[in-house]
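Summary of structural features
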Amino acid sequence: MQVVGYESGEGLHVASGGAVEFVEATPGTELAFGLGDRRCAGTVHDGRHIACDAADVPYCDAHSHVWVCARCTGTCLKDEMDCHEEHAVYLAGFAPDVWKVGVTRLWRLETRLREQGADRAVHIRTYPDGRVAREVEAELAARDDLVDRVRVPTKIAGFGRDVDRAGWEQLVDAFDPIERFVFDDGVTLEDRPVTETMAAGTVRGWKGRVLLLARGGSTYAVDARELVGYELTEAVPDRELQSSLGAFGE
């Protein structure tokens, strides 16, 4: 049974013998899997999994899907531009003080922000197509106080910390926001979670693509993308895991 995908906030897609099933991983769910070998996750076509034996993970070159629009700065990288629908330019805040500018189709705005695990966000501009929106994004990303990408380790480093509200408000007030968002993942963290790759424990919740698992008195932050390609086993390894300070009590 191989992990071939995930749904943020919901669970994992797993495949065995071509069949694809969904393993729920909502708050309170108990996961009890070990991790075996890892290889390319292959692809899912018409509801069936096509396996791949390549060693590249999570996908080999043949099964990697690169979304060229993510690299666009206003000059279309496709043979023909097809982003002829309204796009939103947004600012997303990640605790404690990382501010990102991004672009998404207008109807996907809130979904996109939740997928990224943003703590706060504002919709600042709407444009009739993606080309113009990407041009504006590239201009704003050149500022010293904004980035256009936030990696998962940076996000995890901010878990359990408060957003610098003064710094955030100072930034967004200059843009006269169209709409504001504040996200609450429902998980209270007294200590920063320990980064780990595993699939065993009680699900505390999700923050973007990061799955939070409770195990042995500690909370672990698991990047779901790092699970893709692994074979799941029934035997949960009894190995030493790094513990958070909270696991030791007072």
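Scroll up to find the structure.
Now for a quick tour of the structure. Keep in mind that what you see is a predicted model, and the values were worked out from it rather than measured. (Residues numbered from 1 in each chain as written. Predicted model: local features only at pLDDT ≥ 70, side-chain atom pairs only at ≥ 80, totals over all residues. Heavy atoms only, no water.)

Section: the packing of aromatic side chains
Within the structure shown, the criterion is met by two aromatic pairs. Here the aromatic rings of Trp 99 and Trp 168 are separated by 5.3 Å at their centres, their planes lie at 50 degrees, and the arrangement is tilted. Within this pair, whereas Trp 99 is found in strand E8 (residues 98-105), its partner Trp 168 is found in helix H4 (residues 165-173), the two being separated by 69 residues in sequence. For the pair Trp 99 and Trp 168, a shared accessibility class is recorded, and that class is buried. Taken together, a centroid distance of 6.0 Å and an interplanar angle of 5 degrees make the contact between Phe 181 and Phe 183 stacked. Just as Phe 181 is buried, Phe 183 falls in that class too. (Phe/Tyr/Trp six-rings, centres within 6.5 Å; stacked < 30°, edge-to-face > 60°. Helix = DSSP H or I, 4+ residues; strand = E, 2+ residues; numbered from the N terminus. Buried < 20%, exposed > 50% of the residue type's maximum accessible area, 1.4 Å probe, protein only.)

A closer look at the pattern of salt bridges
One pass over the full model with this rule turns up 13 salt bridges. Across the pair Glu 226 and Arg 38 runs a salt bridge, and its minimum N-O distance is 3.8 Å. With Glu 226 in the loop between strand E14 (218-223) and strand E15 (230-233) and Arg 38 in strand E4 (residues 30-38), this pair connects stretches of sequence that are 188 residues apart. The partly exposed category is assigned to Arg 38, whose relative accessible area is 23%. Linking Arg 209 and Asp 223 is a salt bridge whose minimum nitrogen-to-oxygen distance equals 2.7 Å. You can see Arg 209 sitting in the loop between strand E12 (199-207) and strand E13 (210-215) and its partner Asp 223 sitting in strand E14, a full 14 residues away along the chain. Judged by its relative accessible area of 27%, Arg 209 is partly exposed. (Salt bridge = Lys/Arg side-chain N within 4 Å of Asp/Glu carboxyl O.)

A short note on the environment of Asp 185
Of note, Asp 185 is situated in the loop between strand E10 (179-182) and strand E11 (194-195). A relative accessible area of 31% places Asp 185 in the partly exposed class. Within the local environment of Asp 185, its side chain forms a polar contact with the backbone nitrogen of Val 187, the two atoms lying 2.9 Å apart. A distance of 3.4 Å separates polar atoms of two side chains, one belonging to Asp 185 and the other to Lys 207. (Polar contact = N/O pair within 3.5 Å; in protein donor to acceptor, adjacent residues only side chain to side chain.)

A closer look at H4
For H4, the set of buried residues is Gly 167, Trp 168, Leu 171 and Val 172. The arc that holds the buried residues of H4, viewed along the axis, is 120 degrees, so those residues lie on one side. Set apart from the buried face of H4 by more than 90 degrees, the exposed residues are Arg 165, Ala 166, Gln 170 and Asp 173. Where the residues of H4 are buried, they touch strand E7 (87-94), E8, strand E9 (120-127) and E10. (Arc of directions from axis to C-beta. Contact = heavy atoms within 4.5 Å.)

Quick notes on the sheet that holds E10
Reading across the sheet, the four strands line up as E8-E7-E9-E10 and stay open at both edges, with antiparallel pairing between neighbours. On the outer flanks of this sheet lie E8 and E10, each paired with one strand and no other. Between one strand axis and the next, the sheet turns through 25 degrees on average, direction left out of account. Sheet topology note: the E7/E8 ladder contains eight bridges and is antiparallel. (Pairing = 2+ DSSP bridges. Axes fitted to C-alpha atoms, helices over the stretch in contact; angles between N-to-C directions.)

Describing the environment of Pro 58
Relative to the elements of secondary structure, Pro 58 occurs in the loop between strand E6 (48-50) and E7. Separated by 53 residues in sequence, Pro 58 and Gly 5 place their C-alpha atoms 9.6 Å apart. In this view, Pro 58 contacts Arg 38, Arg 39, Cys 40, Ala 41, Arg 225 and Val 228; residues no more than four positions away in its chain are not counted.

Things to note about the pairing of E4
Both E4 and E12 contribute to a ladder of four bridges, which runs antiparallel. Residue pairing for E12: Glu 30 is matched across the bridge by Thr 202. One ladder, built from three bridges, connects E4 with E15; its direction is antiparallel. Residue pairing across strands places Gly 34 opposite Thr 233, the latter belonging to E15.

As for the pairing of strand E2 (residues 11-16)
When strand E1 (residues 2-7) meets E2, the two strands line up antiparallel, connected through five bridges. In the strand pairing of E2, Val 3 is matched with Val 14. Between E1 and E2, which follow one another and run antiparallel, lie three residues, and Gly 9 among them has a positive phi close to 85 degrees. In textbook terms, the turn of a hairpin is the stretch between consecutive antiparallel strands, and for E2 and strand E3 (residues 19-24) this stretch comprises two residues, one of which, Gly 17, has a positive phi near 60 degrees.

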